[in-house]
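Now for the letters of each chain:
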Amino acid sequence: SIVRELLYSGCTKGLYPLARDAVTPKDREPGLHHRALAAALTGFGGSICANGPDVVKVRLFAEPGRYPGFVAAAREILQTEGARGLFVRGVS
């Protein structure tokens, strides 16, 4: 939960100024629509970044004893299901 929150908050709050500046024309102040687009982009990115730890956490609780720890579970999921299984599974 802490890892997920650090990744999500880091992406959404840390990358927001960069995204806002990227979607705003150079000669204008950011309007509401620029800010909303930047927030949506960073929220999407944060969700993708944070999804992996959520998948691992759910697997650890759903199948106690199967994995020796967090890293081992993440490694096995990556090996058996690929990056899609770790970062895209469960995204809605």
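Our structure's up above, just so we're on the same page.
Residues numbered from 1 in each chain as written. Predicted model: local features only at pLDDT ≥ 70, side-chain atom pairs only at ≥ 80, totals over all residues. Heavy atoms only, no water.

S.K.: Is there a simple way to explain the packing of aromatic side chains in this structure?
M.R.: Remark: the centre distance and the inter-plane angle together describe each pair of aromatic rings, the angle taken between the planes. Considering all chains together, one arrives at zero aromatic pairs under this definition. Positioned above the aromatic ring of Tyr8 is the side chain of Arg4, whose terminal nitrogen or guanidinium carbon lies 5.2 Å from the ring centre. (Phe/Tyr/Trp six-rings, centres within 6.5 Å; stacked < 30°, edge-to-face > 60°. Lys NZ or Arg CZ within 6 Å of the ring centre and 35° of its normal.)

S.K.: I keep staring at the packing of helix α1 (residues 2-23) against helix α2 (residues 32-62) and nothing clicks. Help me out?
M.R.: The axes of two packed helices give the description: the angle between them and the distance between them. Close contact between α1 and α2 brings their axes to 7 Å; oriented N to C, the two are set at 155 degrees. With respect to α2, the axis of α1 lies roughly antiparallel. Taken as a pair, α1 and α2 cross one another with a handedness that is right-handed. Of the residues contributing to the contact of α1 with α2, the split by class is 15 nonpolar, seven polar and four charged. (Axes fitted to C-alpha atoms, helices over the stretch in contact; angles between N-to-C directions. Helix = DSSP H or I, 4+ residues; strand = E, 2+ residues; numbered from the N terminus. Parallel < 35°, antiparallel > 145°, perpendicular 65-115°, else oblique. Left-handed = near helix turned anticlockwise from the far one by under 90°. Nonpolar A, V, L, I, M, F, W, Y, C, P; charged D, E, K, R; others polar.)

S.K.: Is there a simple way to think about the environment of Ile2 in this case?
M.R.: Of note, Ile2 is situated in helix α1. What makes Ile2 exposed here is its relative accessible area of 66%. Sequence separation between Ile2 and Gly85 is 83 residues; the distance between their C-alpha atoms is 21 Å. (Buried < 20%, exposed > 50% of the residue type's maximum accessible area, 1.4 Å probe, protein only.)

S.K.: Is there a simple way to think about the nonpolar core in this case?
M.R.: Soluble, globular proteins show a tendency: their nonpolar side chains are buried together. Within the largest apolar cluster, seven residues are counted, these being Val55, Val56, Tyr67, Ala73, Ala74, Ile77 and Leu86. At the level of elements, α2 and α3 (70-87) are the ones that each hand at least two residues to this core. Here the element with the most residues in this core is α3; it accounts for four residues. Those residues in contact with Leu86, other than ones at most four positions away along the chain, are Asn51, Gly52, Val55, Val56, Ala74, Ile77 and Leu78. (Core = buried A, V, L, I, M, F, W, Y, C linked by side-chain atoms within 4.5 Å. Contact = heavy atoms within 4.5 Å.)

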